[in-house]
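Structural description and commentary
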Amino acid sequence: MPFSNNVRPDRMPGPINGNPMSGLCDRVCIQVKKVFDACVKQETITGQTLALTSTVPTDVATPFTYISARNTTTRGEISNLIIIPVADRQGCSRVQCTVTIPMEVLFTDATGITASGTTSIVITKDVLMNIPQASVMPYEIEAVVSAVSTVGNYVSDATFSVTICVTVIMKVVSEVELLVPSYGYCFIPPCQEFQQEVCEGFFDLPLFPPDRRC
């Protein structure tokens, strides 16, 4: 989407003489979530147990055949959070917590019906992060997560043993108000309606067959 002062993209103000600050017409206060620090950890976990808590449909017959599993949300649930400042590193703290990732498992039951089930996995984090100084508005610890598995086996009852690829991004964030330069409001183009051209391709053919001469 182009950014402009509610004008067409071809009439947008732009940099003058290559200066990206030219054309700025305003200063605005925006409310955003500021990220003070972040770190990512990717790992492959083998032998991860996925015990289903519910299934759709509910009347599935064992044994199951595993298909795949993946996270149902990108926001991990943080619990057991402990933040301990590191004495010899100013602003740095040891962050310990448990991250729970909700999961959905796809499988087929003994009759060949494709079904799904809900479960979750638990990841323990113990990392060093830069923590902002105390203020009236508090900071938060967030976890952005992704977990995908395509390899697994049925164990018993409603339990699978799988190999799963997990990504966890830990963030220190806070809702803040920032003063930023602005080019004005964004240009929002009209929606383009979807139309299926039944005769597309047919109308591209020549009206009459071309002559073929020996």
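Please refer to the structure placed before this passage.
Residues numbered from 1 in each chain as written. Predicted model: local features only at pLDDT ≥ 70, side-chain atom pairs only at ≥ 80, totals over all residues. Heavy atoms only, no water.

The subject of this paragraph is the overall build of the protein. Of regular secondary structure, the protein possesses 0 helices and 8 strands. Ordered by position from the N terminus, the helices and strands of the protein form the series β-β-β-β-β-β-β-β. The 214 residues of the protein split such that 28% are buried. A sequence separation of at least 24 residues applies to 76% of the contacts in the protein between residues at least 6 apart. Accessible area for the protein stands at about 14,900 Å²; split by element, carbon and sulfur atoms hold 55% of it. (Helix = DSSP H or I, 4+ residues; strand = E, 2+ residues; numbered from the N terminus. Buried < 20%, exposed > 50% of the residue type's maximum accessible area, 1.4 Å probe, protein only. Contact = heavy atoms within 4.5 Å. Areas by Shrake-Rupley, 256 points an atom, 1.4 Å probe, with all protein chains shown as cover.)

Summarising the sheet, strand β3 (residues 65-71) and strand β7 (residues 140-156) pair through 2 bridges and their orientation is antiparallel. Among the inter-strand pairings, Arg70 is bridged to a residue of β7, identified as Val148. Sheet topology note: the β7/strand β8 (residues 159-182) ladder contains 14 bridges and is antiparallel. In the strand pairing of β8, Val144 is matched with Ile169. The hairpin turn running from β7 into β8, its antiparallel successor, is 2 residues long, and Asp157 in that turn takes a positive phi close to 50°. (Pairing = 2+ DSSP bridges.)

Bringing the packing of aromatic side chains into the picture now. One pass over the structure, following the stated rule, counts 6 aromatic pairs. When the ring of Phe64 is compared with that of Phe107, the centres are 4.4 Å apart and the planes differ by 35°; the resulting orientation is tilted. Of this pair, Phe64 sits in the loop between β2 (54-56) and β3 while Phe107 sits in strand β5 (residues 92-108), and the two are 43 residues apart along the sequence. One exposure class covers both Phe64 and Phe107, and it is buried. Ring-pair connections join several aromatic residues into one group, and the members of that group are Phe64, Tyr66, Phe107, Tyr154 and Phe160. (Phe/Tyr/Trp six-rings, centres within 6.5 Å; stacked < 30°, edge-to-face > 60°.)

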